[in-house]
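Here's the letter readout for the chains.
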Amino acid sequence: MQPDASLLKRATDRRRRGTGIRSRLWLVFLLAGAALSVAGLLLPDQAGVMTRLLVSIGAVITMVAGIRRQRPAAAAAWRLLAAGLAAWVGADLLWTGWYLRADGGEVPPWIDLAYLAAYPLLIAGLGKMPGNSIRSRNVGVMLDAMVIVLGLLFVYWTMSFNPYGGFRTLSGRDLLLASTFPFADMIVHFMAVRLWFTHGLRNPSYAMLNLGLAGMLFGDVTYAMMLQRGESWNYGLLGNAGWLVWFVLMGASVLHPAARGAETRAARLTTARSLTFLVAACAGPLSLAFNMEPGTVVRPSELVVPMAIFIVLMVFLVFRLITNTNVAERRASLLDEQAAELSRALEEQQALQQLLSHRAMHDHLTGLANRALFHDRLEQATVRRAPEARHALLMLDLDGFKHVNDTYGHPAGDQLLVQAGHRLGEILREADTLARLGGDEFAILLEDVSAEEAGHVAARVVDVMARPFAVGEHSFHVTASVGLYMIAESAAAQDVMRDADLALYAAKAAGKNQISVFHPGLRVEQLGQARLTEGLRRALEREEFVLNYQPVVDLATGQVQAVEALLRWQSPDGIVPPDAFIPTAEETGLVVPIGAQVLRRACRDAALWYERYGIAVNVNVSGRQLRRKEFVSSVLTALEESGLPGDALILEITETALLATGREETARVIGYLSDLRRHGVRIAIDDFGTGYSSLAYLQHLPVDVVKIDGAFTTLERGTDSDSRQRHAFTKAILSLCESLDLPAIAEKVETSEQEEFLRDMHCPLGQGYLFSRPVPAAELGRLLTEGEIEGPSGRRSPLGGPEPAGGERLAG
């Protein structure tokens, strides 16, 4: 392992060094080209000529090789630039060959004109650079480039053709060369300046390209000035220097890593750029003035060219000013629009905040105060209550409202609630607070009243609610049950509402349509049958029952095989555990509709988990549910509506529910369960070991899974008699389950020691806080999606079930 790692490290280091060297090739070429260029300028005669040719040829070869190696952005543009440079170097070779052959004689004009073949290629290449197309809609960049080029053209005319500069008049070949090349350079530099204004100095490759083209312009202008002044040495040396700079920078620009970039964001109109415009506009006229000798007589005909250039320059500057003004106006207009939109948005936000604040504190149907606002008012009233002041709280329900809602529909029920709110408001003072707490429940806070006055108001409430309600074509008769609580001393708002609720429940339990005044004895009955039963009915109507899910885990792999649906009551007063209401629900029969609701919701939740992860759901079923003849159809309907397969549902039934009834009824229940098993539904014996615990029953009952009660699975490594008995009993259950091929689930596994004990006893499955607390459906879905808990792998689960296509196993 170590030699391989060492070789890999050395290979990586070599690649990094190679990459670093390649990224600096442009600098190597730049320095080498600069050194050769200086030598070419200083060496005499043919040696200098050959050295300069070597630099130019090397630049062409470097560009061709750099394009292949670097793969720059807009490679076609770089190929055209390389072709233009090659055309120039080719003309240079032709010129040098003729010059050496003629032994310093005159070179024919057509050879000089051969250099012009390079310009169209250079112009085309620059036009294909990123963001530099001549069809580009960036008018500002176009105008800026024209200003710079016209300024340069003005200066060049002043330095070369100025009739007042004392220069000799050119004609013939000299005039052709002095006018053709610099003017062609102006077109090239129009494109080059556009490239500069598009990219600025952000791209070093394009910056070197522009600087090189400036060297070419300098060389051509210097050559033209040499022709004008008849000086060969100084101007020839400067001209060659400009061309050599062009050659070297062209090669270095394509080697630079920045040539791969393709950013086209235009550079901003900075102060430096504005000063460049000023210099370009003023340089021509100033150079013309400086080149005029004192006392010179100016003839207008001789100033036609500079005046034309100056006028065109001013036109472009004006256009640029107009463009900037239009842009500024558009931006100002856009800012105004944005400011107006922002102002409107702020106004809308304020209005929305006020609306949301109102809705947060008021009932959306009746417009009355809601529970939050009423609670706040009640707190304020109890806190600021003067010692001698007394307040009263009335809680009331509409008796018979559910019948109206169920028979005539929610719109009719809503209209009845609105009318009830209006009637109540008409009998109250402005200082009183009326609220709808939810459903058909209303609350009234009466401030600074005596017990007699409060009783009178409560009686009026009963009277006005007893009158018929006209809703559409119907006339509804409902009554009101009122609970009255006198706030005679400082008390918490929550306690006051609780006691008023007790009085209300007492009124309903006493026969409804009456008033019940709170007395301390009602607190003793707070969890009595009447209040709890009414609360359960209301919870069922309002769907206050929620489900949490606790995973059933494969003890060998740690993967989730199923989840058990655990019922919680999320009442307005907080979460109520099952132990506090299930006995009452069983006694009153409410466990049947509650169980049906739980079954439907659990199947609906589990459908997605089963489809994605192959996880089944365990649902507890009460004895009352089992004994109803519609039990089988209700289960099958829940499966059909949710789309959950039957083998993804496990019904958990206690031993008592199966065996505590008579023989005939037990046979009927077993028949129901057998029907469900034929549809794939599996049956689990819950809390095994706490009921009849007859192991023989497991062989004859329709059972697929055994859940061992937590009293026997909370195993510790104790050696006392009690621990040994529990260990032996648990081992006996697990052995029998294994022999009957019944998967066993150990409940209430809370420690790693318990898990290890159970695993040693070959218990296949476990459930408890060690693996996960019960969590809401959304939280369980998130944990499964993020992989914090895992579904079963593609093998057969201990809970059974076939393997689906595609390798996903169906959990049991």
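Before reading on, note that the structure itself is shown above.
Note that the structure is predicted; figures quoted are calculated from it, not measured.

The rules behind the values
- Residues numbered from 1 in each chain as written.
- Predicted model: local features only at pLDDT ≥ 70, side-chain atom pairs only at ≥ 80, totals over all residues.
- Heavy atoms only, no water.
- Helix = DSSP H or I, 4+ residues; strand = E, 2+ residues; numbered from the N terminus.
- Buried < 20%, exposed > 50% of the residue type's maximum accessible area, 1.4 Å probe, protein only.
- Contact = heavy atoms within 4.5 Å.
- Areas by Shrake-Rupley, 256 points an atom, 1.4 Å probe, with all protein chains shown as cover.
- 1 Å grid on protein atoms, 1.4 Å probe; cavity = no way out; pocket = protein on both sides within 12 Å on 5 of 7 lines; lining within 4 Å.
- Points joined across faces, edges and corners; volume = space filled by probe spheres on them.
- Nonpolar A, V, L, I, M, F, W, Y, C, P; charged D, E, K, R; others polar.
- Pairing = 2+ DSSP bridges.
- Axes fitted to C-alpha atoms, helices over the stretch in contact; angles between N-to-C directions.
- Expected span 1.5 Å × (residues − 1).
- Bend = angle between axes of the 7 residues up to and from the residue.
- Parallel < 35°, antiparallel > 145°, perpendicular 65-115°, else oblique.
- Left-handed = near helix turned anticlockwise from the far one by under 90°.

**Focus: the overall build of the protein**
Now for step 1: Across its full length, the protein carries 30 helices and 17 strands.
Now for step 2: Every one of the 812 residues in the protein was classed for burial, and the buried ones make up 47%.
Now for step 3: Summarising the internal contacts of the protein: among those between residues at least 6 apart in sequence, 73% fall at separations of at least 24.
Now for step 4: For the protein, the exposed surface amounts to about 39,900 Å²; the carbon and sulfur share of it is 58%.

**Section: the layout of surface pockets**
Empty space among the atoms can be located by rolling a probe the size of a water molecule over them.
Now for step 1: The calculated volume of the second largest pocket comes to roughly 1,100 Å³.
Now for step 2: If you go around the second largest pocket, you meet 34 residues; those closest to its centre are E564, L566, P578, N620 and D686.
Now for step 3: Those elements that provide at least two residues to the lining of the second largest pocket are β8 (545–554), β9 (560–571), α20 (578–588), α21 (591–613), α22 (623–626), β12 (649–654) and β13 (682–688).
Now for step 4: Of the residues contributing to the lining of the second largest pocket, the split by class is 14 nonpolar, nine polar and eleven charged.

**A word on the sheet that holds strand β1 (residues 391–399)**
Now for step 1: Taken in spatial order, the five strands of this open sheet run β2-β3-β1-β6-β7, and their pairing is mixed. The sheet terminates laterally at β2 (433–438) and β7 (515–517), the two strands that pair on one side only. The mean angle between the axes of side-by-side strands here comes to 20°, regardless of whether they run parallel or antiparallel.
Now for step 2: Across nine bridges, the pairing between β1 and strand β6 (residues 479–487) is antiparallel. Paired with L394 across the strands is L484, a residue of β6.
Now for step 3: Strands in contact with helix α13 (residues 371–383) are β1, β2, β3 (441–446) and β6; relative to β3, the strand with the most contacts, it is inclined by about 25°.
Now for step 4: Relative to β3, helix α15 (residues 410–426) is tilted by about 15°, and along the sheet it contacts β1, β2 and β3.

**A look at unusual backbone geometry**
Now for step 1: With phi around 55°, E543 is a residue other than glycine that occupies positive phi space.
Now for step 2: Its identity as a non-glycine residue notwithstanding, D741 has a phi of 60°, on the positive side.
Now for step 3: Turning to its location among the elements, D741 is positioned in the loop between α28 (721–739) and β15 (744–746).
Now for step 4: According to the relative accessible area criterion, D741 is exposed, its value standing at 66%.

**Some words on α21**
Now for step 1: Here α21 spans 31 Å end to end across 23 residues, near enough to the 33 Å set by a 1.5 Å rise per residue.
Now for step 2: Its maximal kink placed at A606, α21 deviates by approximately 30°.
Now for step 3: Of the residues trailing α21, G614 is marked for its positive phi of about 70°.

**Overview of the packing of helix α4 (residues 75–101) against helix α6 (residues 118–127)**
Now for step 1: Remark: α4 packs on α6, axes separated minimally by 8 Å, with the N-to-C direction vectors making an angle of 165°. Classified by the angle between their axes, α4 and α6 sit roughly antiparallel to one another. Where α4 crosses over α6, the handedness of that crossing is left-handed. Contacts between α4 and α6 pair A77, L80, L81, A83, G84, L85, A87 and W88 from the former with A118, Y119, L121, L122, A124, G125 and L126 from the latter.
Now for step 2: Per-class residue counts for the contact of α4 with α6 are 13 nonpolar, two polar and no charged.

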